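# Results of the structural survey
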Amino acid sequence: MIVFINSICNLTCEHCFYWRNLNQRDDLTFEEFRKLSAELGQFEILNLSGGEPFIRPEFADICLLFTENNGVKQIYVPTNGYFTERTETQLRKLLSEAKNLQLFACEISLDGMPEYHDRFRGNPKSFAKAMETYEMLAELQKEFPRLKIHSNTVAMSENMSEIWRLTEYLHGRCPAIEHHNLAIIRGDRKNPSLQGPALQQYKDLYQHVRTVWADREEGRFGASVEPMLQWAKVKTIEAGGQVVPCKAGILSGVVYANGDISVCETHAPLGNLRQKSFFEIWDSPEAKTLRAQIQAKQCYCTNEVFLWPSIVFQPAQLARAYVGAQLARNHASPSDGASTETPRSFPDVKKGSGDEDKLVVLH
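The structure reproduced in this document is the subject of the present report. For clarity, every value in this text was computed on a predicted model and none was experimentally measured. (Residues numbered from 1 in each chain as written. Predicted model: local features only at pLDDT ≥ 70, side-chain atom pairs only at ≥ 80, totals over all residues. Heavy atoms only, no water.)

### Quick notes on a nonpolar patch on the surface
Taken together, the side chains of I250, L251 and F313 define a hydrophobic patch exposed on the protein surface, amounting to about 310 Å² of accessible area. Note that L251 resides in the loop between α9 (226-239) and β7 (254-255). (Patch = residues over 30% accessible without salt bridge, like charges linked within 9 Å, V, L, I, M, F, W, Y side chains within 5 Å. Areas by Shrake-Rupley, 256 points an atom, 1.4 Å probe, with all protein chains shown as cover. Salt bridge = Lys/Arg side-chain N within 4 Å of Asp/Glu carboxyl O. Helix = DSSP H or I, 4+ residues; strand = E, 2+ residues; numbered from the N terminus.)

What follows is the structure, encoded as structure tokens:
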């Protein structure tokens, strides 16, 4: 389950796909989250988003709703790392009280080296603040080994060289970070001029990241799936369609900060919790129609949150992705990055609908 815990954010990231909905005053209340948790059944993985999640004063209490009522075992949270004290306060409370929580991954979002990152996020202190939060997390991890520290970077055509240097910097500067994830830019980004990277350049960058972090990936929970995710993303881009049959709306769903419900982040919301219950929306004719369209491969994306369960919980696709990732690794070689192919995908557009000219790059 993907839950946008709030819409409030202190930065102005140019690649943000949620920018039109930021800093609203209609976020779900704690009581509304309590009602949602009571309605939902059991699920193990909670992906929180925002806004900046740690701005939410009830962050820990909302997480505890899902660990206690819904059996959540793993929580993943991206953060800009700006609010060190708030983050520590919330994590200390959560990790002290959530006895059944097996893993909490704090994913620090960084777009490049300090000068680039600060300019891109519209705040001259953002990189330094992120490093301050990293230091706090590294100390907190000694008390709570369930806390894992990751970094996440959005790959765009303009920051390829930045990421190349950033991944080396983070590996040397931050020994407690165990994983550096690459995500491809997607959605209705705040700066519409931003484009996805050339495909070969992205493939070369991933091989570089994989080489740099090989020592920490060994034995890391989830490390075996990472090459499969990257293989699936590349193959999806090359094919211009679903390669791994997508199970969004079956294995995963989205709750936005204002209560909107969707099967994924690509398609428009199907209803709102303030008008209908979760399952009235989830089981609606509109939801069933959308699932059929997804099953018919009328859309595709490179979003790891939806690719991951589609690979892991389909045995045939898991085996296929494993073989594909191994072959890709064996045939990987340095490139001059001369490819001009740009990753694309199809947000909210049906093939043959006549709207293909409206597609945006990398949803």
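### A word on the environment of R25
Topologically, R25 is positioned in the loop between β1 (2-4) and α1 (30-39). Note on R25: relative accessible area 73%, which makes it exposed. Taking the C-alpha atoms as reference, R25 lies 9.5 Å from N6; in sequence the two are 19 residues apart. (Buried < 20%, exposed > 50% of the residue type's maximum accessible area, 1.4 Å probe, protein only.)

### Section: helix α13 (residues 315-331)
Helix length check: α13 (17 residues) gives 24 Å between terminal C-alpha atoms against 24 Å at 1.5 Å per residue, within 8%. What α13 keeps buried is the set Q317, A321, G324 and A325. What you see down the axis of α13 is that its buried residues fit within an arc of 105°, all on one side. Opposite the buried face of α13, by more than 90 degrees, sit the exposed residues P315, A316 and N330. Looking at the packing, one finds that the buried side of α13 touches α9 and α12 (304-312). (Expected span 1.5 Å × (residues − 1). Arc of directions from axis to C-beta. Contact = heavy atoms within 4.5 Å.)

### Considering helix α2 (residues 59-69)
Among the eleven residues that make up α2, eight are buried, leaving the element largely enclosed by the rest of the structure. When we look at burial in α2, the residues that qualify are F59, A60, I62, C63, L64, L65, F66 and T67. As for α2, its buried residues are in contact with α1, β2 (45-49), β3 (74-79), α3 (84-97) and β4 (103-109). G71, located one to two residues past α2, shows a positive phi value of around 70°.

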